[in-house]
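# A structural walkthrough
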Amino acid sequence: MVLSLNQRAAILSLALLVVGLLVWEFSIPAQKAATELTEYERLMGLGQERAGVPPPSQVFEKAWEQLSKPFYDAGPNDKGIGIQIGYSIYRVLTGYALAAAIAIPLGFLIGMSPVAYKALNPFIQVLRPISPLAWMPLALFVIQDSEASAIFVIFICSIWPMLLNTAFGVAGVRADWVNVARTHELGSLRTAFTVILPAAAPTIVTGMRISIGIAWLVIVAAEMLVGGTGIGYYVWNEWNNLDLTSVIFSILMIGVVGMILDAAFGVLQRAVAYVE
Amino acid sequence: MKPFLSIENLTQRFPDGQGGTMTVFENANFRVEKGEFVCILGHSGCGKSTIMNILAGLAEPTSGVVKMDGFEVSGPSLDRGVVFQNYSLLPWLSTLKNVTFAVKARFPDWSREKVHDHAVKYLDMVGLSGDVIHRKPSQLSGGMRQRVSIARAFANHPKLLLLDEPFGALDALTRGTIQDELLKIWSGTEQTVFMITHDIDEAILLADRILLMTNGPFARVAESVEITIPRPRVRTEIIEHPNFYAIRNHLVHFLGTRSRELAGQQGGERPNRPETVRIDKTDPADDPAEGAPVLRAVNH
Ligand SMILES: Nc1ncnc2c1ncn2[C@@H]1O[C@H](COP(=O)(O)OP(=O)(O)OP(=O)(O)O)[C@@H](O)[C@H]1O
Ligand SMILES: [Mg+2]
């Protein structure tokens, strides 16, 4: 029987996963779970090395427990993983949508007008390399609200790839296609929507995809700083509880959600792609 | 009577890439009458597409003006339909949508079905029907893309049809069919056609007049050759017309040697006008005593 490339790859992936999990499981000697340590042992840091990493079986158990009731809410420090992820996604999408609403029209302008490009370029070049978290203190001071500050940080980190890619995509639209619009006497708005937007869409969506990836990376760090809710806060909280099983579980969840967000933009990217 | 299209003292210079300028043509003057079918012949790089872009309003000449119906051309217009040398189809639209895109722009108050039917009719005219019209340009052959581009321009009934080597990528058979369609569309209307071609026989078959360009830089529209073969012209029959070979030989001779000999003559401020050449062996006024070839050059 000859297997297709995809089938062979799937089998290899599965084998790697199983081997990896087995190695992980059996490299961790039987141990007392961190929760079973006495207060004294915990304070002294005793049992730390042994209580370090839980085996995958425990992580699975935790995942089962958490995913079977994702939306429970038992006070500020005990919310289901679904609620925490929901908060994070809400912040990411809000900040991201605001960024897109500004970056795409502004990118259009910059792409269409060499003057606007030259005028705005120095600002972009200085602002772009700033770590989004460096804005946090300023945001907290000016906005005076941790929730809005986290959204602002997402906004500021996701705006640059969208802005630059939109400008780049719009500036690179082939003159031939613009000439088609001109010979058909399309107004500037119709030209923008029926010719330039579809022509630049693949580049713009690539920028959007990079932005959502960065936004999801940054939200975890931002929530660790501002606290309260969200998957980043959850990770930090579980670390403070020394519940490494939950930490590993939430790390995996961060990866899965990031993958889903990226895949959604992958679908969008395929939808707007064209072959010249 | 004022000419339909009048090109006055047109000059185009480009930067030559080494800090200087390169003059494609200088002080070019010629006219096209309403309803006329004019072909322009010249070697590659002499500036035919450059002239075409200026006529279309897509490019600004360095100096000089183009007037259509007495008004100066500034910017493109739906009255001037263009078939671009590189087809210029929008790759994200299907073949059909590429045509409906144009029809919608031309006839904004038509209903959706009317636009659709009109587009389908013109695609069918260039031999594209069935599944093909739902494919993207990237899934078509070069000749098919060229035909879509032709259908897009024809469907819009522009007053002036500008064709930049519209049949270059077509096989002889398809080329013949579409030439016939073009003649049909043109003869049924008041349309004026300005067409660039490299094919001498095609030019003789289609044109009322052929403009001949010398090689660049400083190219000139040197001659305007009348095609003294009556219409309707049939591909297989025109070769038997007494004027056919006389005209053909004149054109071949021009492109073969004279386009080179006449090249690079800088006219300075003097306007360059093409010499009208009328070759007619059937015209008794032509004095055979002057000897063959019966060739008469008349200055404007
Ligand atoms: N935008 C431009 N910048 C600089 N030079 C140009 C530009 N466009 C055209 N040229 C030059 O002008 C000359 C004429 O070009 P054009 O495209 O009009 O030639 P053409 O007669 O259409 O040739 P072909 O038959 O190969 O299509 C060429 O020498 C070309 O290099
Ligand atoms: Mg050309």
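Residues numbered from 1 in each chain as written. Chains lettered and ligands numbered in written order. Predicted model: local features only at pLDDT ≥ 70, side-chain atom pairs only at ≥ 80, totals over all residues. Heavy atoms only, no water.

### Notes on the overall build of chain A
From N to C terminus, chain A includes 12 helices and zero strands. The order of helices and strands in chain A, counted from the N terminus, is α-α-α-α-α-α-α-α-α-α-α-α. Oriented by its inertia axes, the alpha-carbon framework of chain A measures out at about 80 × 65 × 30 Å. Out of the 276 residues in chain A, the part that is buried amounts to 41%. Taking as baseline every contact in chain A between residues at least 6 positions apart, the subset at least 24 positions apart corresponds to 71%. Counting only carbon and sulfur atoms, one obtains 71% of the accessible surface of chain A, whose full area is about 15,400 Å². Computed over 15 positive and 18 negative side-chain charges, the inter-centroid distance for chain A is 11 Å. (Helix = DSSP H or I, 4+ residues; strand = E, 2+ residues; numbered from the N terminus. Buried < 20%, exposed > 50% of the residue type's maximum accessible area, 1.4 Å probe, protein only. Contact = heavy atoms within 4.5 Å. Areas by Shrake-Rupley, 256 points an atom, 1.4 Å probe, with all protein chains shown as cover. Lys, Arg positive; Asp, Glu negative; His and termini not counted. Charge placed at Lys NZ, Arg CZ, Asp CG, Glu CD.)

### Some words on the pairing of strand β10 (residues 221–226) of chain B
The side chains of a regular strand alternate between the sheet's two faces. Residues and elements named next belong to chain B. Of all six residues in β10, five are buried, a share of seventy percent or more. Taken together, the four bridges between β10 and strand β11 (residues 275–278) define a ladder with parallel strand orientation. Across the sheet, the residue bridging to V225 is V277, located in β11. (Pairing = 2+ DSSP bridges.)

### With respect to the interface of chain A and chain B
Listed as interface residues are 17 residues of chain A and, on the opposing side, 20 residues of chain B. In total, chain A and chain B occlude about 1,700 Å² of area from one another, counting both sides; carbon and sulfur atoms represent 67% of this. Scanning the region where chain A abuts chain B turns up five residue pairs in polar contact (both at pLDDT 80 or more). By residue number, the principal contributor to the side of chain A that touches chain B is helix α9 (residues 175–183) of chain A, which donates six residues. Grouping the amino acids of the side of chain A that touches chain B by side-chain chemistry returns eight nonpolar, four polar and five charged. (Buried area = accessible area lost by both parts, 1.4 Å probe. Polar contact = N/O pair within 3.5 Å; in protein donor to acceptor, adjacent residues only side chain to side chain. Nonpolar A, V, L, I, M, F, W, Y, C, P; charged D, E, K, R; others polar.)

### A short note on the nonpolar core
Ranked by size, the top nonpolar core spans 95 residues in total, and within it L5, I51 and F194 of chain B carry the most contacts. Sort the elements by how many residues they give to this core and helix α10 (residues 188–226) of chain A lands first, with 16 residues. When residues of this core are sorted by domain, at least three fall in each of domain 1 (5–79 + 158–298) and domain 2 (90–157) of chain B. Those residues in contact with L5 of chain B, other than ones at most four positions away along the chain, are F30, R31, V32, L55, V66, K67, M68 and L160 of chain B. Listed in part, the 58 residues of the second largest apolar core include L41, V103, L128 and F244 of chain B. (Core = buried A, V, L, I, M, F, W, Y, C linked by side-chain atoms within 4.5 Å. Domains from an automatic or database assignment.)

### With respect to the environment of Q85 of chain B
All names here are of chain B. With respect to the secondary-structure elements, Q85 resides in the loop between β6 (80–83) and α2 (95–106). Assessed through its relative accessible area of 40%, Q85 is described here as partly exposed. It is 7.9 Å that separates the C-alpha atoms of Q85 and L163, two residues lying 78 residues apart in sequence. In this view, Q85 contacts S49, D164 and E165; residues no more than four positions away in its chain are not counted. A polar side-chain atom of Q85 sits 3.0 Å from a polar atom in the side chain of S49.

### Looking at the domain arrangement of chain B
Residue and element names in this part refer to chain B. When cut into domains, chain B gives domain 1 (5–79 + 158–298) and domain 2 (90–157). The interface of domain 1 with domain 2 comprises 18 residues on the first partner and 14 residues on the second. Of the roughly 1,300 Å² buried where domain 1 meets domain 2, counting both sides, 69% is carbon and sulfur surface. Inspection of the region where domain 1 meets domain 2 yields one salt bridge. When the shortest N-O distance is used, the salt bridge between D79 and R106 registers 3.6 Å. Joining domain 1 to domain 2, the criterion identifies four residue pairs in polar contact (both at pLDDT 80 or more). Listing elements by their share of the side of domain 1 that touches domain 2, those giving two or more residues are β7 (160–164) and α5 (172–187). Broken down by element, the residue count for the side of domain 1 that touches domain 2 peaks at five residues, all from α5. Here the residues of the side of domain 1 that touches domain 2 are counted per class, giving 11 nonpolar, three polar and four charged. (Salt bridge = Lys/Arg side-chain N within 4 Å of Asp/Glu carboxyl O.)

### Things to note about the coordination of the magnesium ion (ligand 2)
All names here are of chain B. Coordination of the magnesium ion (ligand 2) by the protein comes from S49 (OG) and Q85 (OE1), over a distance range of 1.9 to 2.4 Å. Residue S49 is located in helix α1 (residues 48–56), and its partner Q85 is located in the loop between β6 and α2; the two are separated by 36 residues in the primary sequence. Judged by its relative accessible area of 23%, S49 falls in the partly exposed class. (Donors = N, O, S within 2.8 Å, 3.2 Å for Na, K, Ca; no water.)

### Here we look at the site of ligand 1
Residue and element names in this part refer to chain B. Around ligand 1 sit 13 residues in total, of which S44, G45, K48, S49 and T50 are the nearest. S44 is positioned with one of its side-chain polar atoms (N or O) 2.5 Å from an oxygen atom of ligand 1. Take Q85: an N or O atom from its side chain is 2.8 Å from an oxygen atom of ligand 1. Relative to its free-state accessible area of 640 Å², ligand 1 is covered by the protein chains to the extent of 62%. Listing elements by their share of the shell around ligand 1, those giving two or more residues are β2 (21–32) and α1. Here the element with the most residues in the shell around ligand 1 is α1; it accounts for three residues. Here the residues of the shell around ligand 1 sort into four nonpolar, seven polar and two charged. (Near = heavy atom within 4 Å.)

### Points about the environment of N243 of chain B
Residues and elements named next belong to chain B. Topologically, N243 is positioned in helix α8 (residues 242–261). On the accessibility criterion, N243 (0% relative accessible area) is buried. Taking the C-alpha atoms as reference points, N243 and I227, 16 residues apart in sequence, are found 8.4 Å from one another. Residues contacting N243, with those up to four places away along its chain left out, are T228, I229, I279, D280, K281 and T282. One polar contact links the side chain of N243 to the main-chain amide nitrogen of K281, over a distance of 2.7 Å.

### A closer look at the environment of W110 of chain B
All names here are of chain B. Mapped onto the secondary structure, W110 falls in the loop between α2 and α3 (112–125). You can call W110 partly exposed: its relative accessible area is 23%. If we skip the residues at most four places from it in the chain, W110 touches V103, V115 and H118.

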